[in-house]
Amino acid sequence: VEASGFGRHSYPIEVGFVLPNGHSFCSLIFPEPEWTHWDPKAETIHHISRDLLLQRGRPVVEVARLLNAQLMGQTVYSDGWANDYSWLGALFDVAGMSPGFKLENLRALLCEDEADHWHEVKATVASERGPQRHRASADARLLQLTLQRIRVSSKSERRFEGLQAP
């Protein structure tokens, strides 16, 4: 989730995800009339202007319906769980709907060793991918690729440890 800022009055401006099969989804969100907070510092990170939201954003109800249609019954993982939970809550509250999916902290998928190496592996994967837009679905793809790399690496290490003499 990208947002208008980081404060109490911030709101979601873009949502995106990547499914295990590689399908990705991303949508800008048309701001509700009461959603007026705008943090220029946040805009320098995500490069989404309020004007772009007004021109290309989808209505909140449409975005909530699309999320439920594509994520129904699934668990979605986020590396910014606390903020994303609040922003998705704001989206679904305004839409008058409940999410049909569960949002969890990505950390729940990682063992201690994997968590210890997460940022290093993520930086390596990001570097290999080259410059990317800081957008919701691109960020989700980076998280997915990092998790895959961590899992392959952890599996290889466990296999190697099993081959060592006692």
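Cut-offs used in this document
- Residues numbered from 1 in each chain as written.
- Predicted model: local features only at pLDDT ≥ 70, side-chain atom pairs only at ≥ 80, totals over all residues.
- Heavy atoms only, no water.
- Helix = DSSP H or I, 4+ residues; strand = E, 2+ residues; numbered from the N terminus.
- Buried < 20%, exposed > 50% of the residue type's maximum accessible area, 1.4 Å probe, protein only.
- Contact = heavy atoms within 4.5 Å.
- Pairing = 2+ DSSP bridges.
- Phe/Tyr/Trp six-rings, centres within 6.5 Å; stacked < 30°, edge-to-face > 60°.
- Axes fitted to C-alpha atoms, helices over the stretch in contact; angles between N-to-C directions.
- Parallel < 35°, antiparallel > 145°, perpendicular 65-115°, else oblique.
- Left-handed = near helix turned anticlockwise from the far one by under 90°.
- Nonpolar A, V, L, I, M, F, W, Y, C, P; charged D, E, K, R; others polar.
- Salt bridge = Lys/Arg side-chain N within 4 Å of Asp/Glu carboxyl O.
- pLDDT = per-residue confidence, 0-100.

## Observations regarding the overall build of the protein chain
Right, on to step 1. Scanning the protein chain from N- to C-terminus turns up 6 helices and 5 strands.
Right, on to step 2. The helix and strand sequence of the protein chain, counted from the amino end, reads β-β-β-α-α-α-β-α-β-α-α.
Right, on to step 3. The burial tally for the protein chain puts 37% of its 166 residues in the buried class.
Right, on to step 4. Here the analysis covers contacts within the protein chain between residues at least 6 apart in sequence; of these, 70% occur between residues at least 24 apart.

## What about the sheet that holds strand S3 (residues 24-28)?
Right, on to step 1. Strand order in the open sheet formed by 3 strands is S1-S2-S3, and the pairing between neighbours is antiparallel. Lying at the two open borders of the sheet, with one neighbouring strand each, are strand S1 (2-3) and S3.
Right, on to step 2. In terms of strand pairing, strand S2 (residues 12-18) meets S3 through 5 bridges, oriented antiparallel. Bridging across to S3, Val-15 finds its partner in Ser-27.

## A look at the packing of aromatic side chains
Right, on to step 1. Following the criterion strictly, the structure yields 4 aromatic pairs and no others.
Right, on to step 2. Judged by centre distance (5.3 Å) and plane angle (25°), the ring pair of Phe-17 and Phe-25 falls under stacked.
Right, on to step 3. Its relative accessible area of 9% is what places Phe-25 among the buried residues.

## Considering the packing of helix H3 (residues 60-71) against helix H4 (residues 81-95)
Right, on to step 1. Two elements in contact, H3 and H4, have axes separated by 8 Å at closest approach and are oriented at 115°. Compared by their axis directions, H3 and H4 come out roughly perpendicular. Viewed along their axes, H3 and H4 form a crossing whose handedness is left-handed. Contacts from Val-60, Val-61, Val-63, Ala-64, Leu-67 and Asn-68 of H3 reach H4 at Leu-88, Leu-91, Phe-92, Val-94 and Ala-95.
Right, on to step 2. Of the residues assigned to the contact of H3 with H4, the class counts are 10 nonpolar, 1 polar and no charged.

## Considering the pairing of strand S4 (residues 75-78)
Right, on to step 1. Side chains Val-76 and Ser-78 of S4 all project onto a buried face; the interleaved residues Thr-75 and Tyr-77 project onto a face where none is buried.
Right, on to step 2. Of the strand pairs in this sheet, S4 and strand S5 (residues 102-105) are connected by 4 bridges, and their pairing is parallel. Across the sheet, residue Tyr-77 finds its bridge partner in S5, namely Glu-104.

## Considering the pattern of salt bridges
Right, on to step 1. Taken as a whole and judged by the stated rule, the model has 6 salt bridges.
Right, on to step 2. The partner of Lys-102 in a salt bridge is Glu-104, with the nearest N and O atoms 3.0 Å apart.
Right, on to step 3. When its relative accessible area of 25% is taken as the criterion, Glu-104 is described as partly exposed.

## Overview of unusual backbone geometry
Most of the time, phi is negative for any residue but glycine, and the peptide bond is trans.
Right, on to step 1. The phi dihedral of His-47 falls on the positive side, at around 60°, and the residue is not glycine.
Right, on to step 2. Take His-47: it is sitting in the loop between helix H1 (40-46) and helix H2 (50-56).
Right, on to step 3. By relative accessible area, His-47 is classed as exposed at 60%.

## Looking at the confidence of the model for the protein chain
Right, on to step 1. Mean pLDDT over the protein chain stands at 91; residues scoring 70 or higher make up 92%.
Right, on to step 2. Averaged pLDDT values over the elements of the protein chain bottom out at 79 in helix H6 (residues 136-163) and peak at 98 in H3.

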